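Take a look at the letters that make up each chain.
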Amino acid sequence: MGAVMGTFSSLQTKQRRPSKDKIEDELEMTMVCHRPEGLEQLEAQTNFTKRELQVLYRGFKNECPSGVVNEDTFKQIYAQFFPHGALSCLESPCVEFLLPSPPLPFCLVDASMYAHYLFNAFDTTQTGSVKFEDFVTALSILLRGTVHEKLRWTFNLYDINKDGYINKEEMMDIVKAIYDMMGKYTYPVLKEDTPRQHVDVFFQKMDKNKDGIVTLDEFLESCQEDDNIMRSLQLFQNVM
């Protein structure tokens, strides 16, 4: 979750410029191939004000003139605006179950697979593209949603095949994506079986009935029992 915030709070900051009047702002939203829903409707559906939506839209439109983002473009934006993605991915709920404590020093190598999973989480309709509405809806949850909303979004990120639960193969894929960002030159050197060990720790914490899968209810219960996870959910409330 931290990785998402770093990416798009940077995008928002880069694109901030003097405000325009309401008519000109609304006209801007018609000059793309995909026209987003009206500002009033998005304001009602999210926790953003109209002014905040206008700022976010300018940044989104500048990077995505067509009005939609495919996965390749998403990865390019991710790499451009968040070159240190692995650092903030450590702030994601439950990630302390995946990585050693204290965190290892590392160098970045490849964030593309982690960006792939983030894109899938934003692409809630699984169409292969993310519209502005998808973007601000997810950002609204991550920045200003309730604890349950934020945890549900994180669960959806980890539930790669969207079947309603997290299995060990999915968690292994997420862990490997994180290690891709950490690189091979950590100290001390990571052992080959380290990702599997961290997946096992995750399931020991989360899999309450020991059936080999983590359901949403188990995930919510385990996260809310952990003070570190609860603190991590508060990190980005004042980003905007």
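Rules of the game
- Residues numbered from 1 in each chain as written.
- Predicted model: local features only at pLDDT ≥ 70, side-chain atom pairs only at ≥ 80, totals over all residues.
- Heavy atoms only, no water.
- Salt bridge = Lys/Arg side-chain N within 4 Å of Asp/Glu carboxyl O.
- Helix = DSSP H or I, 4+ residues; strand = E, 2+ residues; numbered from the N terminus.
- Buried < 20%, exposed > 50% of the residue type's maximum accessible area, 1.4 Å probe, protein only.
- Expected span 1.5 Å × (residues − 1).
- UniProt positions renumbered as here; feature names shortened; annotations may be inferred.

## What about the pattern of salt bridges?
- Within this structure, the stated rule accounts for six salt bridges.
- Measuring nitrogen to oxygen at the nearest pair gives 2.9 Å for the salt bridge that ties Glu 40 to Lys 50. A residue pair is termed long-range when its members are at least 10 positions apart, and Glu 40 in helix 3 (residues 39–45) and Lys 50 in helix 4 (residues 50–63) qualify at ten residues.
- For Asp 200, the salt bridge goes to Lys 168, with nearest N and O atoms at 3.7 Å. Of this pair, Asp 200 sits in helix 11 (residues 194–206) while Lys 168 sits in helix 10 (residues 168–182), placing them 32 residues apart in sequence.
- The exposure class assigned to Asp 200 is partly exposed, which follows from its relative accessible area of 26%.

## Some words on helix 4
- Along its 14 residues, helix 4 runs 20 Å from first to last C-alpha, staying within 8% of the 20 Å computed at 1.5 Å per residue.
- Where burial is concerned, most of helix 4 is hidden: eleven out of the 14 residues are buried.
- All buried positions along helix 4 are accounted for by Lys 50, Glu 52, Leu 53, Gln 54, Val 55, Leu 56, Tyr 57, Arg 58, Gly 59, Phe 60 and Glu 63.

## With respect to the UniProt feature "domain: EF-hand" (unreviewed entry) in the protein
- Per the UniProt entry, the sites bearing "domain: EF-hand" (unreviewed entry) are residues 110–145, 146–181 and 194–229 in this numbering.
- With 69% helix and 8% strand, residues 194–229 has end C-alpha atoms that lie 22 Å from one another.

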